[in-house]
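Okay, here's what each chain looks like letter by letter:
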Amino acid sequence: MITLETDYLGLKLRNPLIVSSCSLTSTLPKLKSLEEHGAGAVVLKSIFEEQILGETAMLERYSDYPEASDYLHNYLSDDYLRTHLDLISQAKSELSIPVIASINCAHVGEWVDYARRMEEAGADALELNIFMLPLDMTRSSDEIEKAYLEIVNKVVAAVSVPVSVKLGVRFTNILSIAQQIYYRHGKGVVMYNRFFEPDIDVNNIAVVSSDPMSSPSELRNSLRTVALCSSQLPLLDIAVSTGVYTGEDAVKALLVGAKGVQICSTIYTNGLDVIRSMADYIGKWMEQHTFSRIEDFRGMLSYKGTADTEEYQRVQYMKFFPKDR
């Protein structure tokens with residue numbers, strides 16, 4: 001008997017396919033549809049710290065009262081949060097799959113209390129989406145990393161549900177950051193966050209938004225790091241995100257040690273039925289290779305799980321581009 005059931009962040013999933021935080025997870029009808037089409041879990045659309053701060057600043061411009069700032073901030077924060085808390089409560093009462101709340105943050109602040117209230121609303125786990133754009137050249141990378149870890153410390157201390165961190169790809173040593181998150185009792189990491197990337201419109205000489213969708217080729221950014229991380233931090237749950245488009249992509253992620261795969265762009269591109277087709281592929285692949293459970297093959301091609309460790313260590317194209325070519 002083949003089963004796709006697996007554990008992620010201590011949660012029981014019917015399969016490792018997790019719909020990541022996006023507009024697809026922003027309303028109850030959409031969440032129900034994702035469950036009906038086979039999702040193993042959902043990460044709700046993020047609550048954005050920047051949005052609260054931005055709306056407060058915008059409204060302040062139209063106020064003549066010095067005390068308006070605090071009032072507007074508190075009003076917007078409560079109203080904004082209430083919408084998210086209602087969605088968490090509704091999702092927990094209507095869905096049978098795990099519901100993971102998401103917070104997009106850039107500072108340690110009062111929003112840490114939001115995490116506690118999300119837990120009270122019924123969230124099964126929390127995902128922290130953290131990014132601090134280095135704009136100050138006098139601020140060292142060590143300072144920035146400490147700020148990330150301070151946020152993790154504060155949130156983990158505020159809640160009892162498992163906490164994961166969605167990381168960016170640009171850390172000098174992603175393995176060290178993952179280890180520090182684990183030491184601070186973070187339960188998992190997601191590799192990787194796909195941030196807004198600007199593009200340049202040369203005709204209008206302007207900065208514009210690039211394509212928000214990931215591409216399948218971006219999966220390669222994660223495979224090696226997950227293979228290294230899963231072998232060195234086996235108790236830290238890793239989810240692969242960005243570039244997962246097919247069931248084959250999901251199997252690749254599981255083989256290098258991921259506990260789950262987060263999908264988003266493939267649903268926008270291929271429709272909701274892609275969730276079921278990905279799950280079907282995993283099941284058929286397992287049958288073909290005589291695996292009955294995910295754990296029978298998960299991590300087989302991690303850094304310590306394969307004899308070809310050189311393939312993970314090589315960073316230059318010596319093999320494919322000889323000097324005399």
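That block above? That's the structure.
For clarity, every value in this text was computed on a predicted model and none was experimentally measured.

### With respect to the nonpolar core
In terms of nonpolar packing, the biggest core is built from 87 residues, with L17, L34, V42, L126, I130 and V155 touching the most fellow members. In terms of residue count, the dominant contributor to this core is helix 5 (residues 141–158) (9 residues). Ignoring any residue separated from it by four or fewer positions in sequence, one finds L126 in contact with I100, A101, A115, M118, V155, V159, V161, P162, V163 and S164. Formed by 11 residues, the second largest nonpolar core is a distinct cluster that contains L11, I100, A125 and A239.

### Remarks on the packing of aromatic side chains
One pass over the full model with this rule turns up 5 aromatic pairs. The interplanar angle of 75 degrees and the centroid separation of 5.2 Å between the aromatic rings of Y148 and F171 together place this pair among those described as edge-to-face. With Y148 in helix 5 and F171 in the loop between strand 8 (163–167) and helix 6 (174–183), this residue pair connects regions lying 23 residues apart in the sequence. An identical accessibility class is assigned to Y148 and F171; each is buried.

### So, helix 1 (residues 28–36)
For an α-helix the count is 3.6 residues per turn, leaving residues at separations of three or four pointing the same way. All of the buried residues along helix 1 are L28, L31, S33, L34 and E35. Within two residues after helix 1, G38 carries a phi angle of roughly 110 degrees, on the positive side.

### Section: the packing of helix 5 against helix 6
The geometry of a pair of packed helices is captured by two quantities: the angle between their axes and the separation between those axes. Orientation of helix 5 relative to helix 6, taken along the N-to-C sense of each, is 30 degrees, at an axis distance of 10 Å. Our classification of the angle between helix 5 and helix 6 gives roughly parallel. Where helix 5 crosses over helix 6, the handedness of that crossing is right-handed. Counting all contacts with helix 5, which are made through E145, L149 and V152, the residues of helix 6 involved are I177, Q180 and I181. The residue inventory of the contact of helix 5 with helix 6, partitioned by class, reads 4 nonpolar, 1 polar and 1 charged.

### Re the pairing of strand 7 (residues 125–130)
Consecutive side chains along a regular strand alternate between the two faces of the sheet. Of all 6 residues that make up strand 7, 6 are buried, and the element is covered over most of its length. Every second residue of strand 7 is oriented toward a common face, with A125, E127 and N129 on one face and L126, L128 and I130 on the other, all of them buried. Sheet topology places strand 6 (residues 99–105) next to strand 7; 6 bridges connect them, and they run parallel. Bridging from a neighbouring strand, C105 pairs with I130 of strand 7. With 4 bridges connecting them, strand 7 and strand 8 associate as parallel partners. Looking at strand 8, one finds that L128 is bridged to V165. Each parallel crossover has a hand, and for strand 7 linked through helix 5 to strand 8 it is right-handed.

### Overview of a nonpolar patch on the surface
A cluster of nonpolar residues, I200, V202 and V207, forms a patch on the protein surface that exposes about 330 Å² of accessible area. For V207, a relative accessible area of 62% corresponds to the exposed category.

### What about the side chain of D237?
Position of D237 relative to the elements: it lies in strand 12 (residues 237–241). Here L9 takes part through its backbone nitrogen, which lies 2.7 Å from a polar atom of the side chain of D237. Aside from chain neighbours lying at most four places away, what touches D237 is Y8, L9, G10, K187, G188, V189 and K259.

### A short note on the pattern of salt bridges
All told, the structure shown has 9 salt bridges when counted by the stated rule. With its nearest N and O atoms 2.5 Å apart, the salt bridge here joins R116 to D113. Of this pair, R116 and D113 both sit in helix 4 (residues 112–121), 3 residues apart, which is roughly one turn of the helix. Looking at R116, the relative accessible area reads 34%, which means it is partly exposed.

### Considerations on the environment of E119
For E119, the location among the structural elements is in helix 4. In this structure, the C-alpha to C-alpha distance between E119 and V161, residues 42 residues apart in sequence, is 6.9 Å. Aside from chain neighbours lying at most four places away, what touches E119 is A158, V159, S160 and V161. Only 2.3 Å separates the side chain of E119 from the side chain of S160, close enough to count as a polar contact.

### Here we look at the packing of helix 6 against helix 7 (residues 220–232)
Relative orientation of the contacting elements helix 6 and helix 7 amounts to 40 degrees, with a least axis distance of 10 Å. As judged from the angle between their axes, helix 6 and helix 7 are oblique. Classified by chirality, the crossing of helix 7 by helix 6 is right-handed. Between helix 6 and helix 7, the residues in contact are I174, L175 and A178 and T225, L228, C229 and Q232, respectively. Here the residues of the contact of helix 6 with helix 7 are counted per class, giving 5 nonpolar, 2 polar and no charged.

### So, the side chain of T25
Along the polypeptide, T25 turns up in the loop between strand 3 (17–19) and helix 1. Looking at T25, its side chain comes within polar contact range of the main-chain nitrogen of K45, at 3.0 Å.

### Some points on unusual backbone geometry
Looking along the chain, the bond that leaves M191 and enters Y192 is cis, with omega of 10 degrees. Within the secondary structure layout, Y192 lies in the loop between strand 9 (188–191) and strand 10 (198–201). Even without a glycine there, the phi angle at L9 is positive, about 55 degrees. Given a relative accessible area of 3%, L9 falls into the buried group.

Cut-off values and rules
- Residues numbered from 1 in each chain as written.
- Predicted model: local features only at pLDDT ≥ 70, side-chain atom pairs only at ≥ 80, totals over all residues.
- Heavy atoms only, no water.
- Core = buried A, V, L, I, M, F, W, Y, C linked by side-chain atoms within 4.5 Å.
- Buried < 20%, exposed > 50% of the residue type's maximum accessible area, 1.4 Å probe, protein only.
- Helix = DSSP H or I, 4+ residues; strand = E, 2+ residues; numbered from the N terminus.
- Contact = heavy atoms within 4.5 Å.
- Phe/Tyr/Trp six-rings, centres within 6.5 Å; stacked < 30°, edge-to-face > 60°.
- Axes fitted to C-alpha atoms, helices over the stretch in contact; angles between N-to-C directions.
- Parallel < 35°, antiparallel > 145°, perpendicular 65-115°, else oblique.
- Left-handed = near helix turned anticlockwise from the far one by under 90°.
- Nonpolar A, V, L, I, M, F, W, Y, C, P; charged D, E, K, R; others polar.
- Pairing = 2+ DSSP bridges.
- Right-handed = clockwise from strand over helix to strand, strands pointing away.
- Patch = residues over 30% accessible without salt bridge, like charges linked within 9 Å, V, L, I, M, F, W, Y side chains within 5 Å.
- Areas by Shrake-Rupley, 256 points an atom, 1.4 Å probe, with all protein chains shown as cover.
- Salt bridge = Lys/Arg side-chain N within 4 Å of Asp/Glu carboxyl O.
- Polar contact = N/O pair within 3.5 Å; in protein donor to acceptor, adjacent residues only side chain to side chain.

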